[in-house]
Structures are given as structure tokens and as C-alpha cells.
Amino acid sequence: MAELFVVRHGQASFGADDYDILSEVGHEQSRLAGEALRNMGWTPDRCISGTLRRQKETLDAMGFDRPREEHPGFNEYDFHNLLHHRFDGAVPDAVRGERKTHFRTLKDTILQWQTDGIVGAAESWQDFEKRTSDALRFATDTKARRVLVVSSGGVIGQLVARALQAPDAMMMEVNLQVKNTAINKFVFSGPRFFLHEFNSTPHLSGPDRKNLLTYS
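Residues numbered from 1 in each chain as written. Predicted model: local features only at pLDDT ≥ 70, side-chain atom pairs only at ≥ 80, totals over all residues. Heavy atoms only, no water.

**Let's talk about the side chain of glutamine 29**
In step 1: Tracing the backbone through its elements, the reader meets glutamine 29 in helix 1 (residues 24–39).
In step 2: In this structure the side chain of glutamine 29 is engaged in a polar contact, spanning 2.8 Å, whose partner is the backbone nitrogen of glutamine 11.
In step 3: Within the structure, glutamine 29 has its side chain in polar contact with the side chain of threonine 214 (distance 2.8 Å).
In step 4: Each residue touching glutamine 29, except ones within four places of it in the same chain, is listed here: Gly10, Gln11, Asn180, Thr181, His203, Leu204, Leu212 and Thr214. (Helix = DSSP H or I, 4+ residues; strand = E, 2+ residues; numbered from the N terminus. Polar contact = N/O pair within 3.5 Å; in protein donor to acceptor, adjacent residues only side chain to side chain. Contact = heavy atoms within 4.5 Å.)

The structure is reproduced here in C-alpha cells:
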């Protein structure tokens, strides 16, 4: 079976005016992830990212000599937009700046989005499901045997839930576990699509790299 490696982007800029930029740590995580794959003897036939800056910067920093393809279906859901509409434009300061409060609120918001919807949101849950399915088809409808994708935690959560045929709510449980530049391995053949390895970070192991292990 062919292999699809989906890597979460490196650490972005939480709390900054523009989240969609890799931090210095994010660049180093990305470089090490590419190095780890090459040390395994694994090099991709195709390299794909979403269109977000943090995703493209991660793939570029991984250092593979392949043209970078892009598919917007691998972009993260717009959590700023979801929070904005959930709170009618008045997102509490604690949700914006305190990590625990932010991620607890984000989880509740996504569960609401999945079940009742959020009025005025730019994207519905059903649209998110469809575009991630389209992106997966784009990556796996190929003769390539090794495909590398750089995406985001929500999309990875959705791909894992799909592979396991899990309920929608499992997407967010998985989303919150995914580490920056974690490697998630799937295998596929035609419509058959299976999870083989989840949230692996061998490139961030060891006491000298403990400060490189991040989740946002």
C-alpha cells in the first residue's frame, strides 16, 4: 500500500497579531522533522501543503527537493471566525490570551459547530468535512507511493476520525493532542485508507530537545 505522511505545521505565533507565521522554534521543529524522515530513508514523491503561511513555511523548512503542491482543503478551520461569531464579536480577553481558557473554549466551540452550527460562521461543519475529503482525494488519487502533506491539527483530527470511522466529536479530541510537526502515517490503496501511526515526534525526543515540544 502507498503511504501518506501528514505532518502538523511547526509552532506558530500564538497571541501575536498574525498567528500564521512560524516562530523560531517552529522553523527548527520543521527542519528536524525533515531530517528525521530522511534518516528513516523516507523521501516523498509528492509534497503538498495547505495555502496557509505556517503550513508552507513548515514544508519548505523540511528541505525536500520536490515541487510544493497546494490544496486549500488542508487549511485549518478558521477558529478566529468561529469564536467571533460564537461571542457576537466580543471574544473575552482570557479566551484570546490565556492558553488553558483558549483551548477549553475552542473545544466547546467546535463541538457546538459540529452539532448546532454557529450562526454567521464563514464555514459550516459540513463544508469543512467536504473540503477535507476533497483534499484527501487529491493527495491519494495518485500513482505516487509516498506522499507528504503539511496541514493543521483540526484537519489531522478529521483524517484520523475518518480513518477510524469515529464520531464527529472525536475529531476535536484528536485535534487537541496533535503536537507541532508531529508525524501521522496513513496507508492507502484506492478507496481504502487506514491510520498506521499517530502523533509521532522522534525528532523532538531527548532531554536536549524538550523545549521544542509544543502544541500551538
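**Observations regarding helix 7 (residues 153–163)**
In step 1: Most of helix 7 sits inside the fold, with 10 of its 11 residues counted as buried.
In step 2: Residues of helix 7 that are buried include every one of Gly153, Gly154, Val155, Ile156, Gly157, Gln158, Leu159, Val160, Ala161 and Ala163, and no others.
In step 3: Buried residues in helix 7 make contact with strand 1 (2–8), helix 6 (125–140), strand 4 (146–151), helix 8 (169–175), strand 5 (183–189) and strand 6 (192–200).
In step 4: Once helix 7 finishes, glutamine 165 follows within two positions and takes phi at roughly 55°, a positive value. (Buried < 20%, exposed > 50% of the residue type's maximum accessible area, 1.4 Å probe, protein only.)

**A word on the packing of aromatic side chains**
In step 1: Following the criterion strictly, the structure yields 7 aromatic pairs and no others.
In step 2: Judged by centre distance (6.0 Å) and plane angle (70°), the rings of tyrosine 77 and phenylalanine 128 are edge-to-face. Of the two residues, tyrosine 77 is situated in the loop between strand 3 (68–70) and helix 3 (79–86) and phenylalanine 128 in helix 6; the sequence distance between them amounts to 51 residues. Each member of the pair tyrosine 77 and phenylalanine 128 is classed as buried.
In step 3: Among the aromatic residues, those joined into a ring-pair cluster are Tyr77, Trp113, Trp125 and Phe128.
In step 4: Geometry around phenylalanine 64 places arginine 38 over its ring, the cationic atom sitting 4.9 Å from the centre. (Phe/Tyr/Trp six-rings, centres within 6.5 Å; stacked < 30°, edge-to-face > 60°. Lys NZ or Arg CZ within 6 Å of the ring centre and 35° of its normal.)

**Regarding the sheet that holds strand 2 (residues 46–49)**
In step 1: The strand order across the open sheet built from 6 strands is 3-2-4-1-5-6, with neighbouring strands paired in mixed fashion. With partners counted over all chains shown, the strands left at the sheet margins are strand 3 and strand 6, one partner each. Here the strands of the sheet are splayed against their neighbours by 25° on average, with no regard to which way each runs.
In step 2: In terms of strand pairing, strand 2 meets strand 4 through 4 bridges, oriented parallel. (Pairing = 2+ DSSP bridges. Axes fitted to C-alpha atoms, helices over the stretch in contact; angles between N-to-C directions.)

**Some thoughts on the packing of helix 1 against helix 2 (residues 53–62)**
In step 1: Running from N to C, helix 1 and helix 2 cross one another at 45°; their axes reach a closest spacing of 7 Å. The angle between helix 1 and helix 2 places the two elements in the oblique class. Between helix 1 and helix 2 the crossing geometry is right-handed. Counting all contacts with helix 1, which are made through His27, Ser30, Arg31, Ala33, Gly34, Leu37 and Arg38, the residues of helix 2 involved are Glu57, Thr58, Ala61 and Met62.
In step 2: Residues belonging to the contact of helix 1 with helix 2 are distributed by class as follows: 4 nonpolar, 4 polar and 3 charged. (Parallel < 35°, antiparallel > 145°, perpendicular 65-115°, else oblique. Left-handed = near helix turned anticlockwise from the far one by under 90°. Nonpolar A, V, L, I, M, F, W, Y, C, P; charged D, E, K, R; others polar.)

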